[in-house]
Amino acid sequence: MRLVDHLRELRRRVLLALVGIAVMTVPSWLLYEPVFDALQAPVLAVDDAGLTAALTFTTPAAAFDMQIRVSLWLATFLASPWWLYQLWAFIAPGLTPREKRRSVLFLVAAVPLFLAGALLAWLVLPNAIRVLTQFTPEGALNYMPATDYVRFVMRVVLAFGLAFLVPVVMVLLNAIGLVHSRTLLAGWRWAVLLIFVFAGIASPTPDPWTMIALAIPICGLYFAAVGIAAAHDRRVARREAARDAELFGPEAPA
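Residues numbered from 1 in each chain as written. Predicted model: local features only at pLDDT ≥ 70, side-chain atom pairs only at ≥ 80, totals over all residues. Heavy atoms only, no water.

(A) Region of interest: helix 3 (residues 62–78). Between its first and last C-alpha, helix 3 extends 24 Å over 17 residues, near the 24 Å set by a 1.5 Å rise per residue. Three or more residues of helix 3 are buried, namely Ala62, Met66, Gln67, Val70, Ser71, Trp73, Leu74, Ala75 and Phe77. (Helix = DSSP H or I, 4+ residues; strand = E, 2+ residues; numbered from the N terminus. Expected span 1.5 Å × (residues − 1). Buried < 20%, exposed > 50% of the residue type's maximum accessible area, 1.4 Å probe, protein only.)

So, in C-alpha cells, the structure goes:
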C-alpha cells in the first residue's frame with residue numbers, strides 16, 4: 001500500500017473506533033448515576049471520617065458537562081474490545097497468515113489486561129484520596145470542583161489501563177518478527193527505570209507505596225512478556241534448524 005492508502009486506512013480505523021465509543025455512550029449515559037455515586041464514594045468516606053469534603057458544581061452547566069464526561073469515560077472502557085480490534089485490524093493486512101493467527105492473542109490478552117490495570121487504579125483510588133486530603137489544614141473545608149476531581153480520576157484509571165497494555169505490545173512485536181527477545185532483555189534496566197518513572201508520574205499520591213503498587217505489576221508483566229518472547233524465539237530457531245537440516249543435510253549452516 002502507498003503511504004496515502006495507509007493514512008486513509010488509519011483514518012478509517014480511528015473513525016470506526018470513535019463510532020464504537022459513541023455507541024457505547026448511550027448505555028453509559030443510562031448508568032451515569034450509579035457510576036457517579038461510585039466515583040464520589042472516596043470523597044464521602046473522607047467526609048464521614050471527620051474531614052469536611054464534598055464535590056461541588058461551580059457553574060450552572062457543570063452538572064451536565066459532568067454527565068457527558070463520565071459517560072464518555074465509561075464508554076471508552078465498555079468499547080475497549082472494539083477499539084483494540086481496530087488497532088489489530090490496522091496492523092493485520094501487513095502480516096502473513098501465521099503472524100495473523102499469533103497476533104489474535106493480542107486481542108485475547110489486551111482487553112483483560114487493560115481492564116485489570118483500570119481495576120488496580122480503582123482499588124488504589126480510595127487510599128489516594130484519603131492520603132491527599134490529609135494535607136488539608138485544620139479548620140479548612142475541602143470542597144473539590146467535581147470536574148477537576150473526575151478529570152483526575154479519569155487520568156489515573158486510563159494511565160493504569162494503558163500501562164498494562166505495554167507487555168502485550170512487546171509480545172505482538174516479537175510474534176511478528178520485529179523485535180528479538182534478546183533485545184527486550186538487554187534493555188531491562190532502562191525498562192524498569194522508565195516503569196518507575198511512569199508510575200511516579202501517574203501515581204495519584206506523593207507516597208511511594210502507590211507508585212510501587214503500580215510499578216511492580218508492570219515490571220512483572222514486562223519480564224513475563226520477555227519470557228514469552230524468548231520461548232517463541234526458541235521455537236522459531238528449532239523450526240529453522242529442522243528446515244535447514246532437511247534442505248542441506250548434516251552440512252546445514254549453523
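(B) Region of the structure containing the nonpolar core. Core analysis: the biggest nonpolar cluster contains 62 residues, and Trp73, Tyr149 and Val153 have the highest contact counts within it. Sort the elements by how many residues they give to this core and helix 5 (residues 97–133) lands first, with 11 residues. Here valine 153 is in contact with Leu39, Trp73, Trp122 and Leu125, once residues within four sequence places are set aside. (Core = buried A, V, L, I, M, F, W, Y, C linked by side-chain atoms within 4.5 Å. Contact = heavy atoms within 4.5 Å.)

(C) A look at the pairing of strand 2 (residues 142–145). Of the two faces of strand 2, the one holding Asn142 and Met144 is buried and the one holding Tyr143 and Pro145 is not buried anywhere. Of the pairings in the sheet, the one linking strand 1 (residues 53–56) to strand 2 comprises four bridges and is parallel in character. Its bridge partner being in strand 2, leucine 55 is matched across the sheet by methionine 144. (Pairing = 2+ DSSP bridges.)

(D) Fine view of the side chain of arginine 13. Following the sequence through the fold, arginine 13 ends up in helix 1 (residues 3–30). Judged by its relative accessible area of 15%, arginine 13 falls in the buried class. Setting aside residues up to four positions removed in sequence, arginine 13 forms contacts with Tyr85, Gln86, Ala89 and Phe90.

(E) The environment of leucine 115, seen in detail. Residue position: leucine 115 is located in helix 5. Leucine 115 sits 46 residues away from glycine 161 along the chain, and the two C-alpha atoms are 6.1 Å apart. What leucine 115 contacts, discounting residues up to four positions off in sequence, is Phe77 and Ser80.

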